[in-house]
There are 2 protein chains.
Amino acid sequence: MLNETNVNLGKVRSTIRELFEYGKIRKAEIGDNNVFDFSIGNPSVPAPEEVKKALVDLIENTDPVALHGYTSAQGYFSVRKSIAEELNSKFSTSLNADCIYMTCGASASLTVTLNALLNKGDEVIVFAPFFPEYKVFCEHAGGKLVTIGCDNSFQPDLAKFKKALSNKTKAVIINSPNNPSGVIYSEQTIKQIVKLVEECKNDIYIISDEPYRELVFNGVKIPFIMNYYKRSIVCYSYSKSLSLPGERIGYIAVNNQAEDFADLYAAILGAGRALGFVCAPALFQQLVKRCHGKTADLSIYRANRDRLLEKLTEYGFEFAKPDGAFYLFLKSPEGDARAFAERAKKYEILLVAGNDFGCGEYARLSYCVSPQMIERALPAFEKLAQSYNLSK
Amino acid sequence: MLNETNVNLGKVRSTIRELFEYGKIRKAEIGDNNVFDFSIGNPSVPAPEEVKKALVDLIENTDPVALHGYTSAQGYFSVRKSIAEELNSKFSTSLNADCIYMTCGASASLTVTLNALLNKGDEVIVFAPFFPEYKVFCEHAGGKLVTIGCDNSFQPDLAKFKKALSNKTKAVIINSPNNPSGVIYSEQTIKQIVKLVEECKNDIYIISDEPYRELVFNGVKIPFIMNYYKRSIVCYSYSKSLSLPGERIGYIAVNNQAEDFADLYAAILGAGRALGFVCAPALFQQLVKRCHGKTADLSIYRANRDRLLEKLTEYGFEFAKPDGAFYLFLKSPEGDARAFAERAKKYEILLVAGNDFGCGEYARLSYCVSPQMIERALPAFEKLAQSYNLSK
């Protein structure tokens, strides 16, 4: 008998993946331009020009044995040093190279971290809505994901959080800007989460999953968890900021203020080994060092967001307040998000029902698409609104 | 409490890593040219020129959104198709794209495969000498590694193997050309392994870990496991053949003759998801498609091997018959390999004692080094031999 958990994980496609496949078939039937696919969080903005230049320069002017060779398991020292310095200059931390562990992207950052922390039966608290793979990652690491249901504000429900904290709690995951809501947790929220954690017991870890850190609108400031809590770990990826999702490059930053820092970093190293992460891709380690502070042209996402906000409000839709990432979380006009997403399909609009994200009354719209597609989609959204008799 | 297993894995360096760090310090003390570091399996031969050309061409002439975007979890269809076709043409198999799962290198191929197969308590049989991380990977996946001790021939001891097979056995790992012995398993050996497995029960998987497939000397033919056994899985990496160890690119090929192929491939997909492997690095997926049939200049390894064989034999050393990979497995003249490796250090020669590989009477010499270093090292080997009064 094979490992049944993994057979099932491989067979049951995620809702997002299912919709993506549906979209491919539908596009073949009626033409790419007639399907309005808002299902996938795959950046549509190219990597910045500096990426191309730096890659070509590295490939043409570096000894290939050095360029493509193994790095140490935690990554190149110089790359880790540059990341620590960047974080220190942005967030007034005192990190050094040995606080950073280079990873194959955000998912790897999370699986390595969870496997470092968890013993069988440990609980990990997450606030809905949340990225569905958290559950998969947590359970593989032997843990149990405890979800705190969402309210209308999409800020964590702190009363419920307080009740969920127990001596079984090993970690809390926060994800801000949030996938799928686009909401950013305020400094007040972060302070309250930290206060409740500290009141419960003193060895809970806070994991901040922040691949959308740079995708923030209206000058909203994202509190950096290490400035509020010692036993904290930041999971980062360059997938969104540099538009490199397929290249699998990111990092884990471990707060060197944590009382058990040495053991914690060792556990990260050990977990990486056990999962088969030998080192993060070497060329892209060098690349990100050359591209600190650079991002893809994120203004396109802002323009998309503003246009959708304006028109969808006009059509009568309601949604979470989207201050970051590239998602709008639309309230289902008929309560159930799956029925809403099904009806949207009739207008060739692909939205992901929020059920798997822990919010069954909302659907996710990924606006990391071309502005042209948004313009083409607007009449369809208007008809969808009219089908519900939403007020203009 | 953190996950103690992973804390320990992170704290206790592997013997190879320990020696590598010693080498760095020693080189700083007495100069790079005076330390003869045969400890690491990091290719010294550059990637073939085609790699550079193809990378620059891909980067300069592909839309960056497509080039660096997410691929499907199992990898680009076109890349998988080309790999299936390459294997079919080499080994007369009938694989297709959906038998291939692209991975972040050989370690990832193994961890994904083991997590796909194993339930808690399942046993995996491996023949010593073997790559020490097999134990780490197997135990993380919930399994128990059962090792069959080595004899002087370094071919599997089939009598011991027969005794070790039981209804707890879930898989057998073979690794030929072998790390650390350089030995290749004969067709006769493979046939006997298969026969014994089939006699035991019919649902044991044979995993062939073959990153050294192309590193073969004297025209010795390596039997391809899929031609002998249906329930088989090949774990491959381009690290050695294309000299790209840091770029983390490889694949799993699942035999579509396996009775439970659909479930098996699904389990691979699911295990990849659970471990946090979203997709293999996209640029290097495209790269390997362009480089099928190409290898780094492996003739340098052959020349190194021939030179070492000639001189070390002359000095009186004994070793396993090295038909492939880039390792010589030297017999300790004093029985214990750790003592031998310690004495070699006095002559500034760094060898890895075979204890962690399951053979405590041999030490591994990695000859993926420059021919110049070998020439410089020969007088030191001669003195080492003289210190044991080995006959010339």
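Just so it is clear, the model here is predicted, and its values are computed rather than measured. (Residues numbered from 1 in each chain as written. Chains lettered and ligands numbered in written order. Predicted model: local features only at pLDDT ≥ 70, side-chain atom pairs only at ≥ 80, totals over all residues. Heavy atoms only, no water.)

Chemist: Would you explain the sheet that holds strand E5 (residues 169–174) of chain A in this entry?
Modeler: Hydrogen bonds between backbone atoms are what pair the strands of a sheet, whose relative direction is either parallel or antiparallel. Residues and elements named next belong to chain A. Across the sheet, seven strands lie side by side as E2-E8-E7-E6-E5-E3-E4; this open sheet has mixed pairing. Because the sheet does not close on itself, it has two edges, and the strands there are strand E2 (100–103) and strand E4 (144–148). Adjacent strand axes in the sheet meet at a mean angle of 20°, parallel and antiparallel pairs treated alike. Judged from the four bridges that link them, strand E6 (residues 205–209) and strand E7 (residues 232–237) form a sheet pairing that is parallel. (Pairing = 2+ DSSP bridges. Helix = DSSP H or I, 4+ residues; strand = E, 2+ residues; numbered from the N terminus. Axes fitted to C-alpha atoms, helices over the stretch in contact; angles between N-to-C directions.)

Chemist: I'm lost on the relation of the copies chain A and chain B in this one. Help?
Modeler: Here two copies of a chain appear, and what relates them is a rotation about an axis with a shift along it. Between chain A and chain B, which share one sequence, the superposing operator has a rotation angle of 180° and an axial displacement of 0.0 Å; the RMSD is 0.0 Å. Here the transformation between the copies is reduced to the relation of a two-fold axis. A high fraction, 100%, of the interface residues of chain A reappear at the interface in chain B, so the copies pair face to face through one surface. (Least-squares fit on C-alpha atoms with pLDDT ≥ 70 in both. Contact = heavy atoms within 4.5 Å.)

Chemist: Would you explain the packing of aromatic side chains in this entry?
Modeler: The geometry of an aromatic ring pair comes down to the distance between the two centres and the angle between the two planes. Scanning the entire structure with this criterion turns up 41 aromatic pairs over all chains. On the numbers, 6.4 Å between centres and 80° between planes, the contact of Phe127(B) with Tyr185(B) is edge-to-face. Of this pair, Phe127(B) sits in strand E3 (residues 123–127) while Tyr185(B) sits in the loop between strand E5 (169–174) and helix H9 (187–200), placing them 58 residues apart in sequence. Of the residues examined, Tyr185(B) reaches a relative accessible area of 3% and is grouped as buried. Members of the aromatic cluster, joined through ring pairs, are Phe38(A), Phe317(A), Phe340(A), Phe381(A) and Tyr388(A). Sitting over the face of the ring of Tyr22(A), Lys345(A) holds its NZ or CZ atom 4.3 Å from the ring centroid. (Phe/Tyr/Trp six-rings, centres within 6.5 Å; stacked < 30°, edge-to-face > 60°. Buried < 20%, exposed > 50% of the residue type's maximum accessible area, 1.4 Å probe, protein only. Lys NZ or Arg CZ within 6 Å of the ring centre and 35° of its normal.)

Chemist: In this structure, what is going on with the sheet that holds strand E12 (residues 362–366) of chain B? I would like to understand it.
Modeler: All names here are of chain B. With antiparallel pairing, the three strands of this open sheet are ordered in space as E9-E12-E11. Looking along the sheet, the strands with just one partner apiece sit at the ends: strand E9 (327–331) and strand E11 (352–353). In terms of strand pairing, E11 meets E12 through two bridges, oriented antiparallel. Note on E12: the bridge partner recorded for Val-352 is Arg-364. The sheet contacts of helix H12 (residues 299–315) involve E9 and E12, and relative to E9 the element is tilted by about 10°.

Chemist: Just checking my understanding: could you explain unusual backbone geometry for this structure?
Modeler: Across the chain, the bulk of peptide bonds are trans and the bulk of non-glycine residues have phi less than zero. Residues and elements named next belong to chain B. Pro-129 follows Ala-128 through a cis peptide bond whose omega is 0°. Note that Pro-129 resides in the loop between E3 and helix H7 (133–140). Residue Pro-180 follows Asn-179 across a cis peptide bond; omega there is 20°. In this structure, Pro-180 sits in the loop between E5 and H9. Phi is positive for Ser-243, close to 55°, though the residue is something other than glycine. Given the relative accessible area of 4%, Ser-243 is considered buried.

Everything listed here is a matter of geometry and, on its own, says nothing about what the molecule does.
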